[in-house]
Amino acid sequence: LNIFINSFTNILIFLLFISFYSKGQTLTSEDSYRNYFVSNKDSIDPIEGIWSVSTTQEFYRYDTLYDVRKYPKAAKVAVMKKEGKYESYNLTGESYDVQFLPTDVIGVYLYKNYFPEIQQYSKAKAIISKGSEMEYTYDFPDDFLRIKFGDTYEEGTRVVNILKWSKSFPENKQ
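Residues numbered from 1 in each chain as written. Predicted model: local features only at pLDDT ≥ 70, side-chain atom pairs only at ≥ 80, totals over all residues. Heavy atoms only, no water.

Draft legend 1. Spotlight on the overall build of the protein. In terms of regular secondary structure, the protein is built from three helices and nine strands. The long-range share in the protein, meaning contacts at least 24 apart out of those at least 6 apart in sequence, stands at 49%. Looking at the protein as shown, the accessible area adds up to about 11,300 Å², and 55% of this sits on carbon and sulfur atoms. (Helix = DSSP H or I, 4+ residues; strand = E, 2+ residues; numbered from the N terminus. Contact = heavy atoms within 4.5 Å. Areas by Shrake-Rupley, 256 points an atom, 1.4 Å probe, with all protein chains shown as cover.)

Shown next, in the form of C-alpha cells:
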C-alpha cells in the first residue's frame, strides 16, 4: 500500500510540475505575459503578443449618426495561440472575449467577439493585420444593446464599434 501511495504522490507531483510549466500556465500580469513571449519567441506567431486596443463607437438611430464617442485610453490585451486559434486576455488573465482564427492568407484573420451577457458572438468576422496594427469593425447585437441601455433603449438604435489594435510587445520579425 505504501508503494502505491508513494507512486501516486510522485505522479501527482510530476503532473503538477508539468501543468505549471506548460503553455497552460496562468498568466496574471503584464510581466508574466512578457516573460512568456520572450521564452517562446521562436515559436510564436506574429499575431501573438501584447496589444493596445483603442475604441471609437458610432451611435445611429435608423441609420442616422447622432453621436461618436472615442475612448483613447487603450486597453492592454494579450493574444496567445490555444488549440489552433488565438485567444485574447486582459493582463490579469481573464478572457477578453475576442478570438482570432487563422485563414489561408498570411496576416488575415477571422475574428469572433463573444458577448457573455447574451451568449452570442458578433456577426461580422473579418480582420486584417498589417504588421503591428489591426483594425476591425462590428455592430453590437441588439440584445446586448437592450441590456446595456436598459429603459433608455429605443428601437432602431445601432452602435458600431471600431477597434484599432497596436502591438506593443514583442516586435514582429521582419
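Back to the text.
Draft legend 2. Focus on the layout of surface pockets. Size it by volume and the largest pocket reaches roughly 390 Å³. Forming the boundary of the largest pocket are 20 residues, of which Y96, N113, Y138, F140 and N161 lie nearest the centre. For the lining of the largest pocket, the secondary-structure elements that each account for two or more residues are β1 (49-61), β2 (64-82), β4 (95-102), β5 (108-115), β8 (133-139), α3 (142-149) and β9 (157-169). Grouping the constituent residues of the lining of the largest pocket by class yields 12 nonpolar, four polar and four charged. (1 Å grid on protein atoms, 1.4 Å probe; cavity = no way out; pocket = protein on both sides within 12 Å on 5 of 7 lines; lining within 4 Å. Points joined across faces, edges and corners; volume = space filled by probe spheres on them. Nonpolar A, V, L, I, M, F, W, Y, C, P; charged D, E, K, R; others polar.)

Draft legend 3. View of the environment of L65. If you trace the backbone, L65 turns up in strand β2. In this structure L65 comes out as partly exposed when scored by relative accessible area, which is 43%. Each C-alpha atom of the pair L65 and R158 lies 9.2 Å from the other, and the pair is 93 residues apart in sequence. (Buried < 20%, exposed > 50% of the residue type's maximum accessible area, 1.4 Å probe, protein only.)

Draft legend 4. Focus on the pattern of salt bridges. Evaluation of the coordinates by the stated rule reveals 10 salt bridges. A salt bridge links D63 to R158; its shortest N-O distance comes to 3.6 Å. Here D63 is found in the loop between β1 and β2, whereas its partner R158 is found in strand β9, with 95 residues between them in sequence. The exposure class of D63 is exposed, given its relative accessible area of 60%. (Salt bridge = Lys/Arg side-chain N within 4 Å of Asp/Glu carboxyl O.)

Draft legend 5. Molecular detail of the packing of aromatic side chains. Overall, the coordinates contain 18 aromatic pairs when judged by the stated rule. The interplanar angle of 55° and the centroid separation of 4.9 Å between the aromatic rings of Y114 and Y121 together place this pair among those described as tilted. Its relative accessible area of 27% is what places Y114 among the partly exposed residues. With a relative accessible area of 39%, Y121 lands in the partly exposed category. Measuring from ring centre to ring centre gives 4.8 Å for F115 and F144, while their planes differ by 50°; the resulting arrangement is tilted. Of the two residues, F115 sits in strand β5 while F144 sits in helix α3, which places them 29 residues apart along the sequence. According to the relative accessible area criterion, F115 is buried, its value standing at 4%. Each residue in the set W51, Y96, F100, Y111, F115, Y136, Y138, F140, F144 and W165 is aromatic and connected to the rest through ring pairs, giving one cluster. Over the ring of F59 we find R69; its NZ or CZ atom is 4.4 Å from the centre of that ring. Lying over the aromatic face of Y60, R158 brings its terminal NZ or CZ to 4.5 Å of the ring centre. (Phe/Tyr/Trp six-rings, centres within 6.5 Å; stacked < 30°, edge-to-face > 60°. Lys NZ or Arg CZ within 6 Å of the ring centre and 35° of its normal.)

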